[in-house]
Each structure stands twice: as structure tokens, then as C-alpha cells.
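Spelled out, the chains give:
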Protein chains: 2
Amino acid sequence: MKIKNNPDSAQLIIGPALAVDTLIFTIREGKLNVLLIKIGSGPYQGKWALPGGIVPINETLDEAARNILEKKAGLKGVYMEQLYTFSGVARDVRGRMVSVAYFALVDSDQFALKTMDYYTDIQWRALDHLPRMAFDHKEIIQYGFARLQAKIEYTNIAYGLLPAEFTLSELQAVYEIILERALDKRNFRKKILALGIVQTAKGLRRGGVSRPAQLYRFTQRSLMLAQIL
Amino acid sequence: MKIKNNPDSAQLIIGPALAVDTLIFTIREGKLNVLLIKIGSGPYQGKWALPGGIVPINETLDEAARNILEKKAGLKGVYMEQLYTFSGVARDVRGRMVSVAYFALVDSDQFALKTMDYYTDIQWRALDHLPRMAFDHKEIIQYGFARLQAKIEYTNIAYGLLPAEFTLSELQAVYEIILERALDKRNFRKKILALGIVQTAKGLRRGGVSRPAQLYRFTQRSLMLAQIL
DNA sequence: ATTGTTAGTGTATGTATGACACCACAATAG
DNA sequence: CTATTGTGGTGTCATACATACACTAACAAT
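All values reported here derive from a predicted model rather than from experimental measurement. (Residues numbered from 1 in each chain as written. Chains lettered and ligands numbered in written order. Predicted model: local features only at pLDDT ≥ 70, side-chain atom pairs only at ≥ 80, totals over all residues. Heavy atoms only, no water.)

Trainee: Any chance you could explain the interface of chain A and chain B here in plain terms?
Mentor: For interface size, the figure often reported is the accessible area lost on association. Contacts between the two partners involve 32 residues from chain A, matched on the other side by 32 residues from chain B. The contact between chain A and chain B buries some 2,800 Å² in all, and 61% of this surface belongs to carbon and sulfur atoms. On the surface where chain A and chain B come into contact, there are 0 salt bridges. Seen at the junction of chain A and chain B, the total is 10 residue pairs in polar contact (both at pLDDT 80 or more). Of the residues belonging to the side of chain A that touches chain B, the class tally is 17 nonpolar, 10 polar and 5 charged. Pairing geometry for strand 1 (residues 12-14) of chain A and strand 1 (residues 12-14) of chain B, over 3 bridges, is antiparallel. When the bridges of strand 1 of chain B are listed, A:Ile13 appears paired with B:Ile13. (Contact = heavy atoms within 4.5 Å. Buried area = accessible area lost by both parts, 1.4 Å probe. Salt bridge = Lys/Arg side-chain N within 4 Å of Asp/Glu carboxyl O. Polar contact = N/O pair within 3.5 Å; in protein donor to acceptor, adjacent residues only side chain to side chain. Nonpolar A, V, L, I, M, F, W, Y, C, P; charged D, E, K, R; others polar. Pairing = 2+ DSSP bridges. Helix = DSSP H or I, 4+ residues; strand = E, 2+ residues; numbered from the N terminus.)

Structure follows, in C-alpha cells:
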């Protein structure tokens, strides 16, 4: 199938084109949000989409995902993991396109959004109020959300959504928002502390309306297995 | 990046070529095996590889995986699930190639292997005695094995490895081989029966050296969640 | 009839889970 | 200064679950 392979890193092939799409979750105002961009031209003009783009010939998918997220949405240094590869033959009306979806969780306070490239807007959008979306991106979001719900139960992946220091109530809120159910406060704290995935930081969260809360930090800010629920 | 898009299903693009590789596990003689083919020509001549091939322009990845497995290895009707997409820039010396790996479990007694296409051989090979392999296929196998070990603990995926009717001892052997540890017979049977993922079939497994065993069948021969271990 | 081999079964103990209510401490209002 | 409000922080008990463990049953082979 391959036609040509230039060592100076260009090759012409016949087959599906390859893209990556990035699915970035955050929590804002008590809700789970995703990062979307508004498409400014072409057949999907005015619709919203995940930040994505074509995979360059000389980059791995991990690299391409990182670079595309930075270029299209201005988010630097976000570590994503591969989610799934979507390949419906009609998923892009402009031609055959296979897309590898990546996802990550971020603390939205750490990033200022800026519109880039040929997009007309960029926004955090609540998962329960998604706008009209281009391609099969709604499906990608649903798939990623399911993965997130599963993964938060047996890993420490939630660290991505929180600042370096946080209270146990804030951590519990993250779990409740993602799992969409209430958790018992005492059992939750017992479990989290017994697992040793967090340690006390010095200092209290002051400035709230009530008793200050002890601050904690994750012992590891990298993916670890830990059966939480 | 796209150059051309013919509606009669051909498009020329610049970018990585896209392939699928299929990772088929089975159990033979008490060991976990994978299906490998021996490459007959080109820079990887004489090395072994997973059955794989280029994704046609008009097929989804699921379809391509099924068709390639049938065409390259003669296995029809095997239902695979997507494993991971591998994209190292040097994974194929012939040019830039991204590969979507699929995997499945089969009962090797149900399939006769036949060498096809330009391959010189096809064999089941024990996972602990793999030959020299082409591309990054050893890495794909390791990744798939890890996924299998995880997945057999919380799904009924083992049904793929067994015939329609089987004994509980045979089922337990499957678990012990994949998990590489011994399981307690009474606890295993208790758990499996309590979960209701199998039901008694009529008949006994006779012809063994000892007391005949009750036959069972899976209540569902499709992927179900079930916390087994 | 004896021996060998695998099938099949129950109990007891420790561990994890889930339900549940009150006092502590700070901020704020009066 | 006192009372009120709001969130932080803690322990126990009951139940379910996981684990460890040993003997009898049924058939085949001799």
C-alpha cells in the first residue's frame, strides 16, 4: 500500500489519515467540564470539537497529542494517556480519518485559555450541557467519561484535578462529582488515609466560612494503582 | 495535510501509514500461547510477527482486524477488542507506521492453522518461549498479556478460551495459567457459582482417569463485568 | 479388591465495608 | 461578647466477604 518513503521524513501513502484528539477534563463550579474549541471554517463551521489535529510524520502519538494540545489550546505540559482509537468511516465528512483520542485531567485554575489557530472560541463546557459537536466527538467524550469513572475508583488519577495542596473535603467532592453519587465522609477519609495516597501538608485552608481544614498533598503525583472504592 | 479525496474510496495523504495487528491468545498444553506468523521476505525475513496488515480505506479498524486475521491466519469469526495503538517512530524500518493492536482469546481446538499469503509459517507459540520477533511485536504481546491478566479478574473474558461445555477444574486451570498463581479450589468454585456466570450443563466429563466432573456452560458468551478475584 | 487420581464439599477466622451522629473550631451577625 | 451558622473531624458496630484449610466420593486401571 505504501507508495514512497523519503528519509527526510515525508511519505505518501494511500489509506486513512491519522489524527489525535485531546479530551481534557476539569472541575469548575462543582461540575465536570471538558475543553472545547469552536470551529471557524469548513463544513463544521460553528460547531464545537475537541482540540485535535493531524499526526506529523515524525512524531509519536504521545508527542503529537502534547504538541497539538499546546498549539490548538495553549495548554503546555499536560500529560495525557491514550484513550481509544476511533475509526468510523463517516466520522469526518471531509475524508477518511482515524483518530486516536487522548485524555487528561487538569486543574483549570492552572491554565488560562486562549483561542488559537483558526478556531473562533475556546471554552470549558459542562459535560451535562454540551453544545452541538462536530465529528464523533460527543461519543469520544462519553467514552472518556466512562473510563474516568472506572479509573478514579482504582487509581489516584484524581490528583490531576487538584492543586498541590487540598483538603480531604475537596478531594471527596471530586469523587462525588465524577461518580455522581454521595460518599460517606468518615468512610472516605478512613479509606484515603489508610491507602497512604495522601499525606498531611503543613498549614490549614483558612478563609472559609467555618473551621479551617487540614491541607494534604498527594504522596505521588503520578498514576498509581489504589483500590479506593 | 490531506491531498486528495476520491469518493470512490481512495485518498492520498501525507502522514503515518496505518496498520492493525492482531494478538490472539490461546491455551495449549497448560501454557498460554500466541498466534504468530513467520515473515517470508523483506527486511524482517525469518522473524516472527503478529498477524497484521494495512487498514483499507473503506474499513473501520474492527472490520480491518477481523478481515486481516482471516486473510493472514485463516481464523474466521473471531471477535476482538481494541488493545492499544502503537506509534514509535522506528517501529517499522520500512517507513512510518502506526499500528492499532487488537486482541482476542480463542479455543485453539476450534481452529486449524493454515499458512497464507506470503508468510512461510504460522504457529501457536508459548508466551514464555517467544522467538525473535519483528517490529515492536514483543512489546505488544507483553502489553496484551498485562491487559489480559487484569481483565480476567473482573470480567468473564475467559469464555473465549474454553469450549461450550467445560468443567470447573478446567476453568480454574485457565485462571491459574493466566494469573500465574495457584487458586484455592473451594473458594474458586464458591465464587464462580455465586456470581452466576456459569450454569450446569447436562452431562459429565467422562473418559478422564478419575471421577467424572460436572459440565458447565457460560450463561453469557459475551463480555460481562464480574468481580471474580 | 486395591490403588491412584481428580471431583466435590463446609467451617471457622480474620478483614473490609457500610451505616450512622456528635463535638470542634472558626467566621459572622446581632 | 454572645449566639448562630457552617464545615471539619472523629469511632463503633454489624454485616459481608475473603481466606485458609482436609476429607470423602466416584471412577479408571491394575
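Moving on from the model shown.
Trainee: Is there a simple way to think about a positive patch on the surface in this case?
Mentor: Together, B:Lys185, B:Arg186, B:Arg189, B:Lys190 and B:Arg211 make up a region of like positive charge exposed at the surface. Structurally, the position occupied by B:Arg211 is in the loop between strand 10 (198-205) and strand 11 (213-218). (Patch = residues over 30% accessible without salt bridge, like charges linked within 9 Å, V, L, I, M, F, W, Y side chains within 5 Å. Areas by Shrake-Rupley, 256 points an atom, 1.4 Å probe, with all protein chains shown as cover. Lys, Arg positive; Asp, Glu negative; His and termini not counted. Charge placed at Lys NZ, Arg CZ, Asp CG, Glu CD.)

Trainee: Looking at this model, I keep getting lost on the protein's contact with DNA strand D. Mind explaining?
Mentor: Around DNA strand D sit 22 residues in total, of which A:Ser169, A:Lys185, A:Arg189, A:Ser210 and A:Gln214 are the nearest. Protein-adjacent atoms of DNA strand D, using a 4 Å cutoff, are sugar or phosphate at a proportion of 41%. Within the side chain of A:Lys190, one N or O atom sits 3.2 Å away from a base oxygen of DNA strand D. Between DNA strand D and the protein, one listed contact pairs a sugar or linking oxygen with a side-chain N or O atom of A:Ser210 at 2.7 Å. Looking at the surface near DNA strand D, the elements with two or more residues in it are helix 4 (185-195) and strand 11 (213-218) of chain A together with helix 4 (185-195) of chain B. For the surface near DNA strand D, the per-class residue count stands at 5 nonpolar, 6 polar and 11 charged. (Near = heavy atom within 4 Å.)

Trainee: Sorry if this is basic, but what is going on with the packing of helix 3 (residues 168-179) of chain B against helix 4 of chain B here?
Mentor: Between two packed helices, what matters for the description is the angle formed by their axes and the separation of those axes. Residues and elements named next belong to chain B. At a closest axis distance of 11 Å, the pairing of helix 3 and helix 4 adopts a crossing angle of 105°. Judged by the angle between their axes, helix 3 and helix 4 are roughly perpendicular. Across the interface between the two elements, Leu168, Ser169, Leu171, Gln172 and Tyr175 from helix 3 touch Lys185, Phe188, Arg189, Ile192 and Leu193 from helix 4. (Axes fitted to C-alpha atoms, helices over the stretch in contact; angles between N-to-C directions. Parallel < 35°, antiparallel > 145°, perpendicular 65-115°, else oblique.)

Trainee: Can you help me understand the protein's contact with DNA strand C in this one?
Mentor: Near DNA strand C there are 22 residues, and of these B:Ser169, B:Lys185, B:Arg189, B:Ser210 and B:Gln214 occur at the shortest range. The sugar and phosphate moieties of DNA strand C supply 41% of its atoms located within 4 Å of the protein. One of the side-chain nitrogen or oxygen atoms of A:Lys191 is found 3.3 Å away from a phosphate oxygen of DNA strand C. B:Gln214 is positioned with one of its backbone polar atoms (N or O) 2.6 Å from a phosphate oxygen of DNA strand C. Where the surface near DNA strand C is concerned, the elements lending two or more residues are helix 4 of chain A together with helix 4 and strand 11 of chain B. For the surface near DNA strand C, a count of residues per class yields 5 nonpolar, 6 polar and 11 charged.

Trainee: Hey, could you run me through the packing of aromatic side chains in this one?
Mentor: The description of an aromatic ring pair uses the distance of the two centres, along with the angle that the planes make with each other. Residue and element names in this part refer to chain A. A complete count under the given rule lists 16 aromatic pairs over all chains for this structure. Where Tyr44 meets Phe135, the ring centres are 4.3 Å apart and the plane angle is 50°; that geometry is what we call tilted. Here the residue Tyr44 occupies a position in the loop between strand 3 (31-39) and strand 4 (48-49), and Phe135 occupies one in the loop between strand 8 (119-126) and helix 2 (137-154), the gap between them amounting to 91 residues. Since its relative accessible area comes to 9%, Tyr44 is described here as buried. With relative accessibility at 24%, the residue Phe135 sits in the partly exposed group. Centroid distance Phe166 to Phe218: 4.9 Å. Interplanar angle 40°. Geometry classified as tilted. Within this pair, whereas Phe166 is found in strand 9 (residues 166-167), its partner Phe218 is found in strand 11, the two being separated by 52 residues in sequence. Across the pair, exposure class does not vary: Phe166 and Phe218 are buried alike. Cluster of aromatic residues (ring-pair linked, three or more members): Tyr84, Phe86 and Tyr143. The aromatic ring of Trp48 is capped on one face by Arg125, whose charged end is 5.2 Å from the ring centroid. (Phe/Tyr/Trp six-rings, centres within 6.5 Å; stacked < 30°, edge-to-face > 60°. Buried < 20%, exposed > 50% of the residue type's maximum accessible area, 1.4 Å probe, protein only. Lys NZ or Arg CZ within 6 Å of the ring centre and 35° of its normal.)

Trainee: For this particular structure, what's the right way to read the sheet that holds strand 11 of chain B?
Mentor: By definition, the strands of a sheet pair up through backbone hydrogen bonds, in either a parallel or an antiparallel sense. All names here are of chain B. If you walk across this open sheet you meet the 3 strands as 9-11-10, and the pairing is antiparallel. One side of each edge strand has no neighbouring strand; the edge strands of this open sheet are strand 9 (166-167) and strand 10. In this structure, strand 9 lies alongside strand 11, joined through 2 bridges in antiparallel fashion. When the bridges of strand 11 are listed, Thr167 appears paired with Leu215.

Trainee: What is the right way to look at the domain arrangement of chain A in this model?
Mentor: Residues and elements named next belong to chain A. Domains assigned within chain A are domain 1 (17-143) and domain 2 (157-218). Computed from C-alpha coordinates alone, the two centres of domain 1 and domain 2 are separated by 29 Å. Tallying the contact residues gives 12 residues for domain 1 and 9 residues for domain 2. Interface area, domain 1 with domain 2, both sides summed: about 740 Å², of which 78% is carbon and sulfur. On the domain 1 side of the interface with domain 2, the three residues burying the most area are Ile27, Leu105 and Asp107, jointly 64% of the side's total. Where domain 1 packs against domain 2, one counts 0 salt bridges. Remark: the boundary between domain 1 and domain 2 carries 1 residue pair in polar contact (both at pLDDT 80 or more). (Domains from an automatic or database assignment.)

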